[in-house]
Amino acid sequence: MYLLSTVVASLAVFFFLKWMKKRRYCTDVKRLDGKTVLITGAASGVGKETAVALAARGARVVLACRDADKAEKAVREIKSRSRSLAVVAMELDLASLRSVRRFCESFLRREERLDVLINNAAMPGVLDWTEDGFSMCLGVNHLGHFLLTNLLLGRLKECAPSRVLTLTCSSYKYQKLDLQDLNYNLLPFFTYCRSKLANVYFSHELGRLARGKGVTSFAVHPGLVQSEWTRHYSLAVRAAARVLTWMFSASCEAGAQTVVYCAVSDEAARRGGGYFADCRPAALRPFARDPDVAKKLWEASLRLVQLP
């Protein structure tokens, strides 16, 4: 009886974990020949898998990464796996607004097109600060991408129809934004949650402002994936997280499927963007759909990054 109970329990756990990792795959075969895609943080994880998939569809893919050596290694791997030579890397540090401006100037000189911008890079919950004095999560996850998108928005409009994909996380639901304290940096997980909620509001307001101008905005949740976010923590945390991610998280390739879907799907574009998870539209908590908060965050962000 004990043996039978153990077997049944083991099978139950096995199928539960398998269900947790289950993901839909993008079945849209649309190609992107002649299109240019820019992906931040594409040297590893979901960003790299997205780059492989889109390069294989014929797109010219630009990796925007902080670590130049790691980016060049990723370029070689992506070229090999996608069988495409149209993959390049450029240096970008989202924790520095100066770096973002310098990157955009260089990108606009070098690249004639920008059809898909994928704001993929993210900083996990760490209590650190950017060189501009912002909490690391707010600065990298929101403000860096906010400035990047705004500085490249003119090129996106010129290449319309174009798309902006901003990766967020379902953890947005565990916090609300305090517009009087956007630089909150006390509890690491809450700081991360607020930055991911900011991503949702940013995507929503961008979609509203770009409506009718040929730019479609998506907020994309890739799901729990086995990425390298633990590298920012101690060895003990990395070891524990490795076990948990192995148990409950899907591969980065599986996590990239919703990103690829929103980058290529005509059906997704016809919906006018929005929040997507598991290759389909998903529901947001009511507070995350508040257009007034989204507008106020946009206005506050303009001031923080010193845009008119």
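Residues numbered from 1 in each chain as written. Predicted model: local features only at pLDDT ≥ 70, side-chain atom pairs only at ≥ 80, totals over all residues. Heavy atoms only, no water.

**Student:** Just checking my understanding: could you explain the packing of helix α2 (residues 45–56) against helix α9 (residues 257–264) for this structure?
**Tutor:** A pair of packed helices can be characterised by two numbers: the angle between their axes and the separation between those axes. Orientation of α2 relative to α9, taken along the N-to-C sense of each, is 45°, at an axis distance of 9 Å. If you check the angle between α2 and α9, you find them oblique. Our pair here, α2 against α9, has a crossing hand that is right-handed. Of the residues in α9, those touching α2 at V46, T50, A53 and L54 are V259, V260, A263 and V264. (Axes fitted to C-alpha atoms, helices over the stretch in contact; angles between N-to-C directions. Helix = DSSP H or I, 4+ residues; strand = E, 2+ residues; numbered from the N terminus. Parallel < 35°, antiparallel > 145°, perpendicular 65-115°, else oblique. Left-handed = near helix turned anticlockwise from the far one by under 90°. Contact = heavy atoms within 4.5 Å.)

**Student:** When you look at the sheet that holds strand β8 (residues 280–281) in this model, what are you seeing that I'm missing?
**Tutor:** What holds strands together in a sheet is hydrogen bonding between their backbones, with the strands either parallel or antiparallel. Taken in spatial order, the eight strands line up as β3-β2-β1-β4-β5-β6-β7-β8 in an open sheet, and their pairing is mixed. A single partner strand is all that each edge strand has here, and the edge strands are β3 (87–91) and β8. Packing of helix α5 (residues 136–158) onto the sheet brings it into contact with β1 (36–40), β4 (116–119), β5 (162–167) and β6 (215–221), and relative to β4 it is tilted by some 175°. (Pairing = 2+ DSSP bridges.)

**Student:** Sorry, what's going on with empty space enclosed by the protein here?
**Tutor:** Here the idea is plain: a probe the size of a water molecule rolls over the atoms and shows the empty space left. One pass over the full model with this rule turns up one cavity of 30 Å³ or more. Space inside the largest cavity adds up to approximately 70 Å³. Forming the walls of the largest cavity are S135, C137, L138, L177, L182, Y184, T191, R194, S195 and A198. Only α5 and α6 (188–209) provide two or more residues apiece to the lining of the largest cavity. For the lining of the largest cavity, the element with the highest residue contribution is α6, accounting for four residues. For the lining of the largest cavity, the per-class residue count stands at six nonpolar, three polar and one charged. (1 Å grid on protein atoms, 1.4 Å probe; cavity = no way out; pocket = protein on both sides within 12 Å on 5 of 7 lines; lining within 4 Å. Points joined across faces, edges and corners; volume = space filled by probe spheres on them. Nonpolar A, V, L, I, M, F, W, Y, C, P; charged D, E, K, R; others polar.)

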